[in-house]
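So you can see what is in the structure, the chains are spelled out below.
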Amino acid sequence: PMSGTPIKNNAGEYFTILNLVQPRRYPHYAHFVERECDSYNNGWGYKIGGLKNPDKFYEDTKDFIIRRTKDEVLKDLPEFSRQFSHVELDGKVKKIYMDLISELEEVMYSDDMDASAQGAAMIGIMIKMRHIVGLSKIPAVTEHVLEFLEETDRKIVIFTHHQDVMALLNAELIEHKPLLMKGSISAEERYRLVMKFKDEDTSRVMIASTLAAGEGLNLQFCSDCIMMERQWNPANEEQAESRFHRYGQKNAVTAMYAIVSETIDEYFTQLVEEKRAIVSGALDNKEYHWNEASLMSELAMVLITKGKKAWKL
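Residues numbered from 1 in each chain as written. Predicted model: local features only at pLDDT ≥ 70, side-chain atom pairs only at ≥ 80, totals over all residues. Heavy atoms only, no water.

Quick look at the overall build of the chain now. On a plain count of helices and strands, the chain comes out with 13 helices and 8 strands. When the 313 residues of the chain are sorted by exposure, 46% land in the buried category. Residue pairs at least 24 apart in sequence account for 75% of intrachain contacts in the chain once pairs closer than 6 positions are excluded. For the chain, the exposed surface amounts to about 16300 Å²; the carbon and sulfur share of it is 50%. (Helix = DSSP H or I, 4+ residues; strand = E, 2+ residues; numbered from the N terminus. Buried < 20%, exposed > 50% of the residue type's maximum accessible area, 1.4 Å probe, protein only. Contact = heavy atoms within 4.5 Å. Areas by Shrake-Rupley, 256 points an atom, 1.4 Å probe, with all protein chains shown as cover.)

By the element assignment, R243 lies in the loop between helix 11 (234-242) and strand 8 (253-260). Only 2.8 Å separates the side chain of R243 from the backbone oxygen of Q239, close enough to count as a polar contact. (Polar contact = N/O pair within 3.5 Å; in protein donor to acceptor, adjacent residues only side chain to side chain.)

On to unusual backbone geometry, then. With a phi close to 50°, K177 is a non-glycine residue in the positive phi region. Residue position: K177 is located in the loop between helix 8 (163-172) and strand 5 (179-181). A residue is classified by how much of its surface remains accessible, and K177, at 53% relative accessible area, is exposed. Residue E262 is not a glycine yet carries a positive backbone phi of 60°. Among the secondary structure elements, E262 is positioned in the loop between strand 8 and helix 12 (264-284). You can call E262 partly exposed: its relative accessible area is 37%.

Here we come to the confidence of the model for the chain. For the chain, the mean per-residue pLDDT works out to 83, and 84% of the residues sit at or above 70. Residue range residues 287-293 is modelled with pLDDT below 50. Its contacts to residues more than four positions away, or to other chains, number 18 contacts. In this model, residues 308-313 is a region of pLDDT below 50 whose contacts with residues beyond four sequence positions or in other chains number 16 contacts. (pLDDT = per-residue confidence, 0-100.)

Turning to the sheet that holds strand 3 (residues 80-87), a few remarks are in order. Hydrogen bonding along the main chain pairs the strands of a sheet, whether they run parallel or antiparallel. Pairing is parallel in the open sheet, where 6 strands are placed in the order 3-8-7-4-6-5. With partners counted over all chains shown, the strands left at the sheet margins are strand 3 and strand 5, one partner each. When strand polarity is set aside, the average angle formed by the axes of neighbouring strands in this sheet is 20°. Relative to strand 8, strand 7 (residues 224-227) runs parallel, the two being bridged by 4 bridges. Residue I226 lies in a different strand from strand 8, and its bridge partner there is M256. Contacts from helix 9 (residues 187-199) reach strand 4 (156-160), strand 5 and strand 6 (205-209), with the element oriented near 150° to strand 5. (Pairing = 2+ DSSP bridges. Axes fitted to C-alpha atoms, helices over the stretch in contact; angles between N-to-C directions.)

Now for the packing of aromatic side chains. Overall, the coordinates contain 8 aromatic pairs when judged by the stated rule. An angle of 80° between the planes, with centres 6.0 Å apart, marks the rings of F159 and F244 as edge-to-face. A residue pair is termed long-range when its members are at least 10 positions apart, and F159 in strand 4 and F244 in the loop between helix 11 and strand 8 qualify at 85 residues. Assessed through its relative accessible area of 0%, F244 is described here as buried. The rings of F15, Y26, Y29 and F32 are connected pair by pair, giving a single aromatic cluster. Sitting over the face of the ring of W232, R130 holds its NZ or CZ atom 3.8 Å from the ring centroid. K155 extends its terminal NZ or CZ atom over the ring of F197, reaching a point 5.2 Å from the ring centre. (Phe/Tyr/Trp six-rings, centres within 6.5 Å; stacked < 30°, edge-to-face > 60°. Lys NZ or Arg CZ within 6 Å of the ring centre and 35° of its normal.)

For the pair helix 7 (residues 138-151) and helix 8, the least separation of the axes is 10 Å and the interaxial angle reads 45°. The orientation of helix 7 with respect to helix 8, classified from their angle, is oblique. Between helix 7 and helix 8 lies a crossing whose hand is right-handed. Contacts between helix 7 and helix 8 involve I138, V141 and T142 on the former and, on the latter, V165, L168, L169 and E172. (Parallel < 35°, antiparallel > 145°, perpendicular 65-115°, else oblique. Left-handed = near helix turned anticlockwise from the far one by under 90°.)

Set out below in structure tokens:
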């Protein structure tokens, strides 16, 4: 119940905590979703979004939910900004990427698959597309980091998702002795790696798995990071950003998101910002008119119908 991030995807995730703290008031999940949450059936399954009425939920729970935002409790915390840098899709992989869009369209309109198999196949194709754009970002991110190291004396962390993307980026930056925080290392090893990054000047670069470095670490001695590969879940990215923007930070924090133009990256970024608004509305009593479409199915439809038409940030 004291979690800093009680929900990550939708307001329905609130039920577990509410049931634990007030089981008589919130005894049944289905009843909570029906009464409190924006929800609908999109033909693929039952989907849950934000709160139906954030103001009413706030009034109903204010006797036991006390939530303070970072701005309220850390008034002297430096500014945080999220920036987006667009790069082009590598010509070597463009045909592969376009073939995947065609494959996605075939699966989406197939009459030979049930809904479950169809959904799984579509997600699998989109995962491949994300991987391709992740690999395509390596030259641009490498160039950005090299310029950063030359022009500043600060440290920087690059967040990746795929192991081969981390390995190839490491190879490009090997002269600068990057520290690698992989998902396979223990919590104790992660702590030692952070201390080495903080105390030693042998490397000013860390390449980290977003999921491995997103929780339980203090990186407020560093104020710059790059989100090289997006996560399906925006809360995981916010957790990683919060490693820097926390008590003890003395500088303005910048999180740069590398976005490959006219690809799944651009469309997914739009949907992520909508999803971020849903969670924000549920947690901080902010009004939000939920776009009634699930993240994955809408992303697939956008990719098929819009093709190469870029979404402008």
